[in-house]
Amino acid sequence: MAVDSKTLELRALLNKQYRWIDRKWDLVFWVTAAFVVGAAADITKQLFAGDWDFWTDWKDRQWWPIITPFAIIIIGSALQYIQWLAWRFPTGMTYTAVAMFLCTLIGRWLQWGAFVYYPMNFVWPATMVAAAIFADWVLLKTKSFVLTSIIGSILFAVTWWISNYIPLAPYLQPAQWMDRVVTVADIQGIEYVRSQTPEYLRIIEHGSLRTFLGETQYVSLVFGATVAIAGYWVGQFIARALAIWPIGRFMKKW
Amino acid sequence: MTDVATPTAERPTADEPEWKPGRGPIDWMGGWRVLWFGSLAFLALAAAIRIFQQFTAWTVGIDASSRDFGLYYRSLFIAEVIGVTAGTLIWWGYLVRKGRTVVAKESSHPEEVRRIAVFWGLIGITCVILYIMASFWPNQDGSWHQTAVRDTALTPSHIPMFFLFFPLGITLTVGTYLYGRYWLPKVYGAEKGFPWSFFFLIAASVTEMAQVAMNEWGHSLWITEEIFAVPFHWPFVFYGWLASGIFALWAETIIRLLQIEGEIEAEAGQPAEEVA
């Protein structure tokens, strides 16, 4: 099969022998960047949507599907832009997801579990790995940030909810507590005292959610998907204006 | 790119020492040594404080008026502030004083490559510091403050986070710039002006530290104490995003690395071997 000149040129570039550039530079970049990427994604999640991610009983049907996808897609979107621009890798969102999950898991284990002694089945973190893979897949197929922001963000929010509903489902089973039918997650929230959080049910699931035929969670999910589109463009701004734009300015003086 | 062995050709000039085996510019225990030792040192420091908390936080760390709190935690706070201030001034002072002599000398290609590896090591350490200050301690801060009633701004979780690792963020970002300015003058020399990449990164570390004041004021309001995702916490996120400038640092120095490769090719009079 004939190989075009562009392919040959790229192959030559790929296989070029350098004097001082070896794989260590790649390794150092990908590993050390994971620390700052994971931390940025984790702090964005914690301070924008943390309460809804810390506790099983806060993983509700009204706010959790809206604010969490918005918060966690931001840094993923930024890395998607950076990695696509630098290497044409459709991996930025997944890279962020894995880095954030490791950071969050260490935090939950060492600080929430081993320090304050909450059981991990009460304070487990949501994951965005599956959702991120889909968002990266959309970028791979469309090669367009506009289309990824629309299709990918919607897919991201829906996949995020489905993939986290699986670990959450056991805690939504009905149980009897003081002659009342509540969920297992509700009992966790009552039994494990959090003296600095709002009184139980004052904020979580207020309104008519429990008398609305269970439809509100789907309304929240769709709204969450639209909000995630906005979050995606916040991430694009971060990447374009704060990470990449300085390189262009630098090159002008080179 | 393909993996290459430690170079044997293009040794340093006679006035510069030749490196020992395994200590070359791009060997793990050569140019990359700073990355290993620095990152592990700060991770070990965070781990040591975390172990200390395990035995003291819930016994003597919950009553700021007690004698034991003063003995264990207020003294830790004072030691941190003095230590990080002194360490920062000594390191920055060294970088400026030594740097003024270093910048005046022309460096060989291997030496410049080694300095870029050290620079990347400093960036790596900064990444580790940012992880500790933006994920490791905030998780503890969340667990502590949603659980325990706060009676002071100097809580066991705040003391290492706000008053040790937040300042260390400034120490590392400014120190990395000083290293770049004096040790890598062809990239960050004074005549090139102050790069936006460092402006954003240093701004992130400085504004995070400044935000601590607003944070403590905000926590003096009762209702904001209850929610971790409360709006007055959001500036920590906005300022943290400025640290994205760190990606530009990697790009800017890899440009110089590629330029060095080009200069080596030009000196040799032929392009480097290409494998199609």
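Residues numbered from 1 in each chain as written. Chains lettered and ligands numbered in written order. Predicted model: local features only at pLDDT ≥ 70, side-chain atom pairs only at ≥ 80, totals over all residues.

## Topic: the nonpolar core
Piece 1. Core analysis: the biggest nonpolar cluster contains 125 residues, and Val36 of chain A together with Ile129, Leu130, Tyr131 and Ile132 of chain B have the highest contact counts within it.
Piece 2. It is helix H3 (residues 109–145) of chain B that contributes the most residues to this core, 19 residues altogether.
Piece 3. Sequence-distant contacts of isoleucine 129 of chain B, defined by excluding residues within four places in its chain, comprise Phe42, Phe165, Leu168, Gly169 and Leu172 of chain B.
Piece 4. With 8 residues, the next largest nonpolar core counts Trp55, Trp112, Phe115 and Trp124 of chain A among its residues. (Core = buried A, V, L, I, M, F, W, Y, C linked by C-beta atoms within 7 Å. Buried ≥ 20, exposed ≤ 12 C-beta atoms within 10 Å, placed from the backbone. Helix = DSSP H or I, 4+ residues; strand = E, 2+ residues; numbered from the N terminus. Contact = placed C-beta atoms within 7 Å.)

## What about the packing of helix H2 (residues 23–49) of chain A against helix H4 (residues 64–87) of chain A?
Residue and element names in this part refer to chain A.
Piece 1. Where H2 meets H4, the axes come as close as 9 Å, and the angle between the chain directions of the two elements is 160 degrees. In this view, H2 runs roughly antiparallel relative to H4, as classed from their interaxial angle. By crossing handedness, the relation of H2 to H4 is classed as right-handed. Here Val37, Ala40, Ala41, Thr44, Lys45, Phe48 and Ala49 of H2 come into contact with H4, specifically with Ile67, Thr68, Ala71, Ile72, Ile74, Ile75, Gly76 and Leu79. (Axes fitted to C-alpha atoms, helices over the stretch in contact; angles between N-to-C directions. Parallel < 35°, antiparallel > 145°, perpendicular 65-115°, else oblique. Left-handed = near helix turned anticlockwise from the far one by under 90°.)

## Remarks on the packing of helix H10 (residues 216–252) of chain A against helix H6 (residues 196–219) of chain B
Piece 1. Between H10 of chain A and H6 of chain B, whose axes approach to 8 Å, the crossing angle comes to 145 degrees. Of the residues in H6 of chain B, those touching H10 of chain A at Leu242, Pro246, Arg249 and Phe250 of chain A are Trp196, Ser197 and Phe200 of chain B.
Piece 2. Residues belonging to the contact of H10 of chain A with H6 of chain B are distributed by class as follows: 5 nonpolar, 1 polar and 1 charged. (Nonpolar A, V, L, I, M, F, W, Y, C, P; charged D, E, K, R; others polar.)

## Considerations on the confidence of the model for chain B
Residues and elements named next belong to chain B.
Piece 1. Per-residue pLDDT for chain B averages 90, and the proportion of residues at 70 or more is 90%.
Piece 2. Below a pLDDT of 50 lies the segment residues 1–9, which in the model reaches 16 contacts outside its immediate sequence neighbourhood of four places, other chains included.
Piece 3. Interface confidence for the predicted complex, expressed as ipTM, amounts to 0.92; the pTM equals 0.91. (pLDDT = per-residue confidence, 0-100.)

## Observations concerning the environment of tryptophan 30 of chain A
Residues and elements named next belong to chain A.
Piece 1. Tracing the chain through its elements places tryptophan 30 in helix H2.
Piece 2. In this structure tryptophan 30 comes out as exposed when scored by C-beta crowding, with 12 C-beta atoms within 10 Å.
Piece 3. For the pair tryptophan 30 and tyrosine 95, spaced 65 residues apart in sequence, the C-alpha separation works out to 9.3 Å.

## A few points about the environment of isoleucine 74 of chain A
All names here are of chain A.
Piece 1. Checked against the element boundaries, isoleucine 74 lands in helix H4.
Piece 2. In sequence terms isoleucine 74 and leucine 147 are 73 residues apart; their C-alpha atoms lie 16 Å from each other.
Piece 3. Residues contacting isoleucine 74, with those up to four places away along its chain left out, are Thr44, Gly231, Val234 and Gly235.

## Describing the interface of chain A and chain B
Piece 1. Chain A puts 56 residues into the contact, and the matching count from chain B is 68 residues.
Piece 2. Only helix H1 (5–14), H2, helix H3 (51–54), H4, helix H5 (92–113) and H10 of chain A provide two or more residues apiece to the side of chain A that touches chain B.
Piece 3. If one sorts the elements of the side of chain A that touches chain B by residue count, H2 of chain A sits on top with 18 residues.
Piece 4. By residue class, the composition of the side of chain A that touches chain B is 32 nonpolar, 12 polar and 12 charged.

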